[in-house]
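Structural overview
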Amino acid sequence: MINNLENFIEFYLNKKKNFNESIDLNIVFLNKKKNFFNLNLNLIHSINEKKKFLFLSKNNKIENDFFFGNLYLEKFLKKEIFFDKIFFNKENLHLIKKNKLLKKFCEKKFLIEDYNKEILKINSNLLKIVVNKNNFLNLKIANICFNKNMFKNNYYLVISSLKKIFNYNNIIINRIYLNTTMSKSYLIK
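The present account deals with the structure reproduced in this document. (Residues numbered from 1 in each chain as written. Predicted model: local features only at pLDDT ≥ 70, side-chain atom pairs only at ≥ 80, totals over all residues. Heavy atoms only, no water.)

1. A closer look at the nonpolar core
A general tendency of soluble globular proteins is for nonpolar side chains to be buried together. Here is the rule: The term nonpolar core refers to a set of buried residues drawn from Ala, Val, Leu, Ile, Met, Phe, Trp, Tyr and Cys, joined through side-chain atoms within 4.5 Å. Categorising residues by exposure relies on relative accessible area from a 1.4 Å probe, with only protein chains included: less than 20% of the type maximum marks a residue as buried, more than 50% marks it as exposed, and the intermediate range marks it as partly exposed. Secondary structure follows DSSP: runs of H or I at least 4 residues long count as helices, runs of E at least 2 residues long count as strands, and numbering of each begins at the N terminus. Any pair of residues with heavy atoms lying within 4.5 Å of one another is described as a contacting pair.
By size, the foremost hydrophobic cluster in this structure holds 33 residues, and its most contacted members are Leu25, Phe151, Tyr155 and Leu178. Breaking this core down by element, the ones donating at least two residues are helix H1 (5–14), strand E1 (22–31), strand E2 (37–42), strand E7 (126–131), strand E8 (136–143), helix H6 (148–168), strand E9 (171–180) and strand E10 (186–188). Here this core takes 7 residues from H6, the largest share from any one element. Those residues in contact with Leu178 that sit more than four places away from it in its chain are Leu5, Phe8, Ile23, Asp24, Leu25, Ile141, Phe151, Tyr155, Lys184, Ser185, Tyr186 and Ile188. Core analysis: the next-biggest nonpolar cluster, separate from the first, contains 23 residues, Leu54, Tyr72, Phe88 and Cys106 among them.

Structure follows, in structure tokens:
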């Protein structure tokens, strides 16, 4: 059983990485006075840091781990390079329709008009937190490509911010769990 943060970090650093999984922070709390609210928190590191994204276009270029161009699509299909998400616009829709693998990988939500807006969203450090009647929070705070310090920075920022806000609103944290996308949750003491 993993019962502290250091053990969880060792677990995810040594985990076999088939794809870029997210690391989720799950908090079970007791909200006696039924204080419900939303808040935004700026993380130190974006949860999309160290991920690779492909934007289909006529021009082939790489800018800050963002790949643009149809040349990289061929490398993806040959399994020479992996992308976490592939975005496309109406000009490149025919490339998706032709290939069965891409149809499964590219959902309709990745059909976008303005690549620059999507890049801003991906680079955003904003974490939206909703405290509602469920008495449970599930927050993506990192991904398994983060190093130890990047993960700890985001984790301690979220925990300390939530403790302050919860104390002010008479909300008690019962349990804190951490997990990756494809693993079970581990209780953190």
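2. Overview of the sheet that holds strand E5 (residues 66–68)
Through backbone hydrogen bonds, the strands of a sheet pair up, either in parallel or in antiparallel fashion. The cut-off we apply is this: Paired strands, as defined in this entry, are two strands with at least two bridges between them according to DSSP. Between the N-to-C directions of two axes lies an angle of 0 to 180 degrees, each axis being a line fitted to C-alpha atoms and, for a helix, fitted only over the stretch in contact.
Sheet architecture is open: 4 strands sit in the order E4-E5-E3-E6, paired in mixed fashion. Whereas interior strands pair on both sides, the edge strands pair on one side only; in this sheet they are strand E4 (61–63) and strand E6 (85–87). Direction aside, the axes of adjacent strands within the sheet are offset by 20 degrees on average.

3. Re a nonpolar patch on the surface
Rule in force here: Note on patches: the residues involved have over 30% relative accessible area and no salt bridge, like charges join within 9 Å, and the nonpolar side chains Val, Leu, Ile, Met, Phe, Trp and Tyr join within 5 Å. Computed by Shrake-Rupley with a 1.4 Å probe, the accessible areas treat only the displayed protein chains as cover when residues are assessed. Salt bridge, as used here, is a side-chain nitrogen of Lys or Arg placed within 4 Å of a carboxyl oxygen of Asp or Glu.
On the surface, Phe19, Phe82 and Met182 cluster together into a nonpolar patch covering about 310 Å² of accessible area. Examined against the element boundaries, Met182 turns out to sit in the loop between E9 and E10. Residue classification places Met182 among the exposed positions, given a relative accessible area of 57%.

4. Quick word on the pattern of salt bridges
Across all of its chains, the model carries 6 salt bridges by this definition. For the salt bridge of Asp24 with Lys140, the shortest nitrogen-to-oxygen distance reads 4.0 Å. Taken together, the residues span a long stretch of sequence, with Asp24 in strand E1 and Lys140 in strand E8 at a distance of 116 residues. Residue classification places Lys140 among the partly exposed positions, given a relative accessible area of 43%. Measuring nitrogen to oxygen at the nearest pair gives 3.2 Å for the salt bridge that ties Lys61 to Glu63. Of the residues examined, Lys61 reaches a relative accessible area of 38% and is grouped as partly exposed. Linked through salt bridges whose partners overlap, the residues forming this network are Glu6, Lys148 and Lys152.

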